Amino acid sequence: MAALVSSTLPRGAIAAASLLACRRPPLPGSLWGRRFPAVSFPALQLHTASGAMRASQEDFERAKVQVKHLKEDPGNEVKLKLYALFKQATEGQCTSPKPGMLDFVNKAKWDAWNALGSLPKDTARQNYVDLVASLVSSQSLNQEKTSASDKKSEYENLVVTREGNITQILLNRPTKKNAINVKMYNEIMLALEAAGKDDSSLTVITGNGDYYSSGNDLTEFMSVQPNEIEKKIQDASVLLRKFVDHFIDFPKPLVAVVNGSAVGISVTLLALFDLVYATDKATFHTPFTELGQSPEACSSYTFPKIMGPVKAAEMLIFGRKLTAQEACARGLVTEVFPDSTFQKEVWTRLKAYSQLPPKTMMVSKQLIRSFEKETLHRINVEECAVLRERWVSEDCLNALVNFMNRKSKL
Ligand code: COA
């Protein structure tokens, strides 16, 4: 019903109540025709306050114009309030017959107007002007906040942006193929926490450059002093557990836009996403054995479950690198797109999905994941314990030295 009101209340119905009488159809593509979740404004509480100074007709006319130029949809609740105050200010108490039960939109409007009872016309006019003023100032405050946050990113290795109902977390270490170092692990957790709480409906993770991510930053262990090793290993294990927990617990639909190849943890994590779109250029590689390491991000459980034990073993034990098509056939990737149209096709799809009712998407995501949550957390703990052992193994140290030597030979 909220969406119905939102999609049917024309912008002009608020600024010029006569539209209701004319029953003109909504303006196509108008601000008021767009669907937004309803928001409540503290300004709604102002309406009963009787203004010491009455708004003039001129103030009222100005407010009518301002309402047409609001940049953000204030939501159905506020739109109905504006409508009711406008009608009361211009026509006085509601005396028109109540619309039928099935005429949802007109009934909602009638209810809002009728609820104002015998509120005097000049008080309604004052309240209309006050409400518009509070909407204008709250929107300009939001815009100031947005432009201030545009100027300075709080992240060193990420760029977090918002477009419509989508929050995008861009992995931004392209010169290192988006390898994830300690700082970046922490930043991703912070960005996920913020995205989980913001009012977006989808969260997307993608990479800058030709790689989605080359996985864990292998150089980090190399700078550790011998007397620090034990502590570093312990810290790394705690960090990894917390990091993976953030994906297990993420409350909203989480989408991976795999723009290029993925290695290690950037592959294993994919099983904790709700949608995985990949370019046909991407490859998926988990060379754990080569590196003396073992599976993480719950992949020792999710991969066999998704693709069957023998296919999972081929990846997780034998390090078979998959093409995007193979990863899709194994159920790790939702869909593969030609690289030339990848961004366009994926973002068109995501923008459409992001218009779906956010709360319902969230409820369904949480339901789907709820049955396994405890298991996943248990597996995460277990995998981190095994990895702690692997990180001090000879196989792992040799692999790290080989990686560094390879670099120095290039
Ligand atoms: N950790 C740290 N640095 C990494 C990295 C990683 N996982 N992946 C790439 N880099 C760095 C490279 O060292 C190089 O840095 P430099 O320019 O300072 O030398 C830079 O990113 C570019 O990588 P390069 O190896 O030159 O590019 P490439 O196209 O030849 O190869 C990879 C790309 C990803 C195949 C290769 O870098 C690689 O194998 N990385 C390790 C991947 C890995 O094993 N991850 C861990 C899984 S558990």
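It should be noted that the structure appears before, not after, this text.
To keep things clear, this report deals only with the structure shown in the data block. Every chain is numbered on its own, with residues counted from 1 as its sequence reads. Thresholds applied to this predicted model are a pLDDT of at least 70 for local features of residues and 80 or more for the giving and counting of side-chain atom pairs; totals over whole chains, interfaces and linings are not thresholded and use all residues. Excluded from the side-chain calculation are hydrogens and water; included are all heavy atoms of the structure.

In this description, strands pair whenever DSSP reports at least two bridges between them. For the purposes of this entry, the term helix denotes a DSSP run of H or I that reaches at least four residues, the term strand denotes a run of E that reaches at least two, and both are numbered from the N terminus. Taken in spatial order, the 6 strands of this open sheet run β1-β2-β3-β5-β7-β10, and their pairing is mixed. At either margin of the open sheet sits one strand with a lone partner, and together these are β1 (158-163) and β10 (335-337). Sheet twist, expressed as the mean angle between neighbouring strand axes with direction ignored, is 20°. Here 3 bridges tie strand β7 (residues 275-279) to β10, and the two strands are oriented parallel to one another. Looking at the pairing, A278 lines up with V336 of β10. A fitted line through C-alpha atoms serves as each axis, taken over the contacting stretch for helices, and the angle formed by two N-to-C directions is quoted from 0 to 180°.

A word on the site of the ligand. As a matter of local geometry, the ligand sits amid 16 residues, with K176, S214, N216, L218 and R406 nearest to it. Contact distances for the ligand include 2.8 Å between a nitrogen atom and a backbone N or O atom of S214. Distance and chemistry together define a polar contact, namely a pair of N or O atoms within 3.5 Å, with one atom able to donate a hydrogen and the other to accept it when in protein, and with adjacent residues in sequence counting only for side-chain atoms on both sides. Between N216 and the ligand, the recorded distance is 2.9 Å, taken from a backbone N or O atom to a nitrogen atom. Exposure was quantified through the Shrake-Rupley algorithm and a 1.4 Å probe, taking into account, for residues, occlusion by the shown protein chains and nothing else. Here the ligand, which alone exposes 850 Å², has 72% of that area covered by the protein. Here the shell around the ligand is built from residues that sort into 7 nonpolar, 4 polar and 5 charged. One heavy atom within 4 Å of a molecule or strand is enough for the residue carrying it to be called near that molecule or strand. Classes in brief: Ala, Val, Leu, Ile, Met, Phe, Trp, Tyr, Cys and Pro nonpolar; Asp, Glu, Lys and Arg charged; the others, Gly included, polar.

The next point concerns the packing of aromatic side chains. Two rings belonging to Phe, Tyr or Trp (six-membered ring only in the last case) form a pair when the distance between their centres is within 6.5 Å. Interplanar angles under 30 degrees mark stacking, angles over 60 mark edge-to-face geometry, and anything in between is tilted. On inspection of all chains with the given rule, the structure shows 8 aromatic pairs. An angle of 25° between the planes, with centres 5.6 Å apart, marks the rings of F60 and F86 as stacked. Here F86 lies in helix α5 (residues 76-91) and F60 lies in helix α4 (residues 57-68), a separation of 26 residues in the sequence. Three or more aromatic residues joined by ring pairs form one cluster here, namely Y185, F243, F247 and F273. Positioned over the ring face of Y83 is K109, at 5.5 Å from the centre of the ring. Charge-over-ring contacts are defined here by two conditions on Lys NZ or Arg CZ: a distance within 6 Å of the ring centre and an angle within 35 degrees of the ring normal.

That is the geometry; function is a separate question.
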